[in-house]
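# Understanding the architecture of this molecule
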Amino acid sequence: MISFALVERQSQLCLFEFLYRTYSQGMFQIAYGILHDVQHAEDMVAETYIRVAKNINRIAEIPADKHRSYLKMIIRNICIDYYRSIHPTDTIYEIPLDLSDNSSGPEDIIIDRITVEAIVQAISELPDKYRDVLKLSYLYDHTTEEIGIALNLSTNTVHKRISRAKKLLKVILTKEGVLQ
């Protein structure tokens with residue numbers, strides 16, 4: 001595997017091998033679930049491990065119990081970016097709908113779906129530095145410390161970026177009429 005050449009020290013190589021052996025199959029399943037193509041899924045797993053090798057020092061700082069969720073975030077983002085590059089007009093949304101609540105009629109479900117789409121669109125309009133911290137915090141449930149390690153930022157900077165991202169998101173959603 002070419003990624004081994006990117007890893008310099010023996011301790012880093014051991015961590016890289018462990019991550020590959022432990023999580024590569026699960027990462028393939030995530031990639032295939034998004035792309036529905038075996039070859040593309042394999043390519044995205046390889047791309048993920050190239051990024052892992054390049055950033056092995058940062059990954060080594062992340063607590064071991066968070067490696068799985070961190071790798072899951074990377075593979076999902078790589079796959080979604082790739083999917084968007086080949087299907088620019090399609091969108092990917094994971095919209096959890098709880099249909100067990102009898103008070104939600106079809107109109108409410110459509111309104112919820114439109115609101116989620118507006119929020120997803122507004123998040124995509126944020127600058128990268130704000131979009132990344134929001135995704136890591138709210139979509140992947142990472143703590144500010146974990147986000148700081150992953151993005152090489154202080155926890156204070158992470159807090160500020162999350163706060164600023166929320167303010168910008170509120171402005172965008174207000175302009176679009178989603179919020180009052």
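In this text, all values refer to a predicted model and were calculated from it rather than measured experimentally.

Here the focus is the overall build of the protein chain. Helix and strand counts for the protein chain come out as 8 helices and 0 strands. The order of α-helices and β-strands along the protein chain, N terminus first, is α-α-α-α-α-α-α-α. Residues counted as buried form 34% of the 180 residues belonging to the protein chain. Taking contacts inside the protein chain between residues at least 6 apart in sequence as the whole, the part at least 24 apart equals 64%. When the accessible area of the protein chain is evaluated, it comes to approximately 11300 Å², of which 52% is carbon and sulfur surface.

Right, let's get into the pattern of salt bridges. For the coordinates displayed, the defined rule picks out 3 salt bridges. The residue glutamate 47 makes a salt bridge to arginine 51 at a minimum N-O spacing of 3.1 Å. Taken as a pair, glutamate 47 and arginine 51 lie in helix H2 (residues 38-54) at a separation of 4 residues, close to a single helical turn. The partly exposed category is assigned to glutamate 47, whose relative accessible area is 30%. Where glutamate 146 meets lysine 66, a salt bridge forms, and the shortest distance between an N and an O atom there is 3.4 Å. Note that glutamate 146 is positioned in helix H7 (residues 144-151) and lysine 66 in the loop between helix H3 (56-61) and helix H4 (67-86), a separation of 80 residues in sequence.

Position of histidine 67 relative to the elements: it lies in helix H4. Leaving out residues up to four positions away in the same chain, histidine 67 has contacts with Leu15, Leu19, Tyr23, Ile59 and Ile62.

Before going further, it helps to examine unusual backbone geometry. One non-glycine residue with positive phi stands out, namely histidine 36, at about 55°. Mapped onto the elements, histidine 36 comes out in the loop between helix H1 (10-35) and H2.

This next bit is on the nonpolar core. By size, the foremost hydrophobic cluster in this structure holds 33 residues, and its most contacted members are Leu19, Tyr49, Val52 and Leu71. Beyond its immediate stretch of four places on either side in the chain, valine 52 contacts Phe16, Leu19, Ile59 and Leu71. Listed in part, the 9 residues of the second largest apolar core include Ala122, Leu134, Ala165 and Leu169.

Remark: the principal bend of H1, roughly 55°, maps to tyrosine 23. All buried positions along H1 are accounted for by Gln12, Leu13, Leu15, Phe16, Leu19, Tyr23, Ser24, Met27, Phe28, Ala31, Ile34 and Leu35. As for H1, its buried residues are in contact with H2, H3 and H4. Positive backbone phi, approximately 55°, marks histidine 36, located one or two places after H1.

Taking 1.5 Å of rise per residue, the 21 residues of helix H8 (residues 155-175) would be expected to cover 30 Å, and the 30 Å separating its terminal C-alpha atoms lies within 8% of that figure. Three or more residues of H8 are buried, namely Val158, Arg161, Ile162, Ala165, Leu169, Ile172 and Leu173. The buried residues of H8 occupy an angular sector of 100° when projected down its axis, which confines them to one face. Of the exposed residues in H8, the ones pointing more than 90 degrees away from its buried face are Lys167, Lys170 and Lys175. Once H8 finishes, glycine 177 follows within two positions and takes phi at roughly 85°, a positive value.

Procedures and definitions
- Along every chain, residues carry numbers that run from 1 in the direction the sequence is written.
- Local features in this predicted model are restricted to residues whose pLDDT is 70 or higher, and side-chain atom pairs enter the listing and the counts only when it is 80 or higher, whereas totals over whole chains, interfaces and linings include all residues.
- Note that the side-chain values use all heavy atoms of the structure and ignore hydrogens as well as water.
- Helix numbers and strand numbers start at the N terminus; a helix is a DSSP run of H or I with at least 4 residues, a strand a run of E with at least 2.
- Exposure is judged per residue with a 1.4 Å probe applied to protein chains only, and the accessible area is read against the type maximum: over 50% gives exposed, under 20% gives buried, and values in between give partly exposed.
- Only heavy atoms enter the contact rule, under which two residues are in contact if any of them lie within 4.5 Å.
- All accessibility values rest on the Shrake-Rupley procedure with a 1.4 Å probe; residue burial counts only the protein chains present in the view.
- Whenever Lys or Arg places a side-chain nitrogen within 4 Å of a carboxyl oxygen from Asp or Glu, that contact is recorded as a salt bridge.
- Nine residue types can take part in a nonpolar core, namely buried Ala, Val, Leu, Ile, Met, Phe, Trp, Tyr and Cys, and a core is a set of them joined through side-chain atoms within 4.5 Å.
- The seven residues ending at a residue and the seven starting there each receive a fitted axis; the angle between those axes is the bend at that residue.
- Multiplying one less than the number of residues by 1.5 Å gives the expected span of a helix.
- Each C-beta atom gives one direction from the helix axis, and the arc is the one those directions make.

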